[in-house]
Amino acid sequence: IQKGERVLVAGSTHEGEEVILRKAFLQLRQSIPALKLVVAPRHPHRAEDVRRVFSRDSLHVVLFSSLPQPKGDVVVVDEFGVLSTLYEFADLAYVGGSLVFKGGQNPVEPAALGKPVLFGPDMSDFQEIAHEMVKEGGAIQVKSGEELAAQAYRLLSDKALRAALGAKNKGLVERHSGVTEKIAEDILKVLSNA
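To keep things clear, this report deals only with the structure shown in the data block. (Residues numbered from 1 in each chain as written. Predicted model: local features only at pLDDT ≥ 70, side-chain atom pairs only at ≥ 80, totals over all residues. Heavy atoms only, no water.)

1. Points about the packing of helix α1 (residues 17–31) against helix α6 (residues 145–156)
Here comes step 1: Contact pair α1 / α6: the axes reach a minimum separation of 9 Å and the direction vectors enclose 35 degrees. Seen along the crossing, α1 lies across α6 with a hand that is right-handed. Residues Ile20, Leu21, Lys23, Ala24, Gln27, Leu28 and Ser31 of α1 touch α6, and the partners they reach there are Gly145, Glu146, Leu148, Ala149, Ala152 and Tyr153.
Here comes step 2: Broken down by class, the residue content of the contact of α1 with α6 amounts to eight nonpolar, three polar and two charged. (Axes fitted to C-alpha atoms, helices over the stretch in contact; angles between N-to-C directions. Helix = DSSP H or I, 4+ residues; strand = E, 2+ residues; numbered from the N terminus. Left-handed = near helix turned anticlockwise from the far one by under 90°. Contact = heavy atoms within 4.5 Å. Nonpolar A, V, L, I, M, F, W, Y, C, P; charged D, E, K, R; others polar.)

2. A word on helix α2 (residues 47–55)
Here comes step 1: Taken as a whole, α2 has its buried residues at Ala47, Val50, Val53 and Phe54. Buried residues of α2, viewed axially, fall in a sector of 115 degrees; they line one side.
Here comes step 2: For α2, the elements touching its buried residues are α1, β2 (35–41), β3 (61–63) and β4 (74–76). (Buried < 20%, exposed > 50% of the residue type's maximum accessible area, 1.4 Å probe, protein only. Arc of directions from axis to C-beta.)

3. Looking at the nonpolar core
Here comes step 1: Leu37, Phe54, Val74, Tyr94, Leu118 and Leu148 are the most contacted members of the largest nonpolar core, which has 31 residues in total.
Here comes step 2: Looking at this core, the element that brings in the most residues is α6, giving five residues.
Here comes step 3: The contact partners of tyrosine 94, leaving out residues within four places of it in the chain, are Leu8, Val9, Ala10, Gly11, Glu17, Leu21, Tyr87, Leu99, Leu118, Phe119, Gly120 and Leu148.
Here comes step 4: Counting 23 residues, the second-largest nonpolar core is a separate cluster that includes Val62, Ala111, Phe119 and Met133. (Core = buried A, V, L, I, M, F, W, Y, C linked by side-chain atoms within 4.5 Å.)

4. Focus on a nonpolar patch on the surface
Here comes step 1: A cluster of nonpolar side chains, Ile183, Ile187, Leu188 and Leu191, forms an exposed patch at the surface whose accessible area comes to about 410 Å².
Here comes step 2: Topologically, isoleucine 183 is positioned in helix α8 (residues 179–193).
Here comes step 3: Judged by its relative accessible area of 47%, isoleucine 183 is partly exposed. (Patch = residues over 30% accessible without salt bridge, like charges linked within 9 Å, V, L, I, M, F, W, Y side chains within 5 Å. Areas by Shrake-Rupley, 256 points an atom, 1.4 Å probe, with all protein chains shown as cover. Salt bridge = Lys/Arg side-chain N within 4 Å of Asp/Glu carboxyl O.)

5. Digging into unusual backbone geometry
Here comes step 1: The step from leucine 67 to proline 68 runs through a cis peptide bond, and the omega angle for that step is 0 degrees.
Here comes step 2: As for its position among the elements, proline 68 is in the loop between β3 and β4.
Here comes step 3: Phi is positive for serine 12, which is not a glycine, with a value near 55 degrees.
Here comes step 4: Position of serine 12 among the secondary structure elements: in strand β1 (residues 6–13).

6. Focus on the environment of arginine 162
Here comes step 1: Mapped onto the elements of the fold, arginine 162 is located in helix α7 (residues 159–176).
Here comes step 2: Assessed through its relative accessible area of 9%, arginine 162 is described here as buried.
Here comes step 3: Distance in space between the C-alpha atoms of arginine 162 and lysine 71 is 26 Å, their sequence separation being 91 residues.
Here comes step 4: Residues within four places of arginine 162 in sequence aside, it is in contact with Arg6, Asp91, Pro116, Leu155, Leu156 and Ser157.
Here comes step 5: Within the local environment of arginine 162, its side chain forms a polar contact with the backbone oxygen of leucine 156, the two atoms lying 2.9 Å apart. (Polar contact = N/O pair within 3.5 Å; in protein donor to acceptor, adjacent residues only side chain to side chain.)

7. Some remarks on the environment of leucine 63
Here comes step 1: Among the secondary structure elements, leucine 63 is positioned in strand β3.
Here comes step 2: For the pair leucine 63 and alanine 47, spaced 16 residues apart in the sequence, the C-alpha separation amounts to 7.6 Å.
Here comes step 3: Setting aside residues up to four positions removed in sequence, leucine 63 forms contacts with Ala47, Glu48, Arg51, Val76 and Asp78.

8. What to know about the packing of α6 against α7
Here comes step 1: Between α6 and α7, the least distance of the axes is 6 Å, while the angle of their chain directions is 105 degrees. Here α7 runs roughly perpendicular to α6, going by the angle between their axes. Contact with α6, carried on its side by Arg154, Leu155 and Leu156, involves Leu161, Arg162 and Leu165 of α7 and no other residues of that element.
Here comes step 2: Taken together, the residues of the contact of α6 with α7 break down into four nonpolar, no polar and two charged. (Parallel < 35°, antiparallel > 145°, perpendicular 65-115°, else oblique.)

Quick look at the structure:
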């Protein structure tokens, strides 16, 4: 990542979602030519199929396992266990499984790192936290690929707005961290008094 480049990390994407992301990314690159996209399919064995989706255009697409390379417009993650590290480099995170009605994926990882988050209409598997993030103002739920591109452009064009959303997400996660330990302590207190 070079100085002045911005990075959109699309985590845990599902089949069909990458086609939507490709269209949004191509649209975004018209206004933000220094934008890079990192796509991490939910199932890394799909990486080659995902690479082919993005290779149809004049984009330089590389697999994560082949890095470092001098140039790459799109990086397709083909390894397990690296997504949380990649979110650290993101200017903006998109949480997959939400534009193709797969229930969405967990938005807490990018939120905990203070990243602004976008996700699609189906966050049914993470409904409560997604609702809280939208309510707090740290995440934006989009209805379509067109709205994804529009909201991504708005956020990628405004560093202060990105920072504000990211701070809201980080604050929300910090307020809710340690809940399991607190519940365990309460249970132990009740049991010791029984």
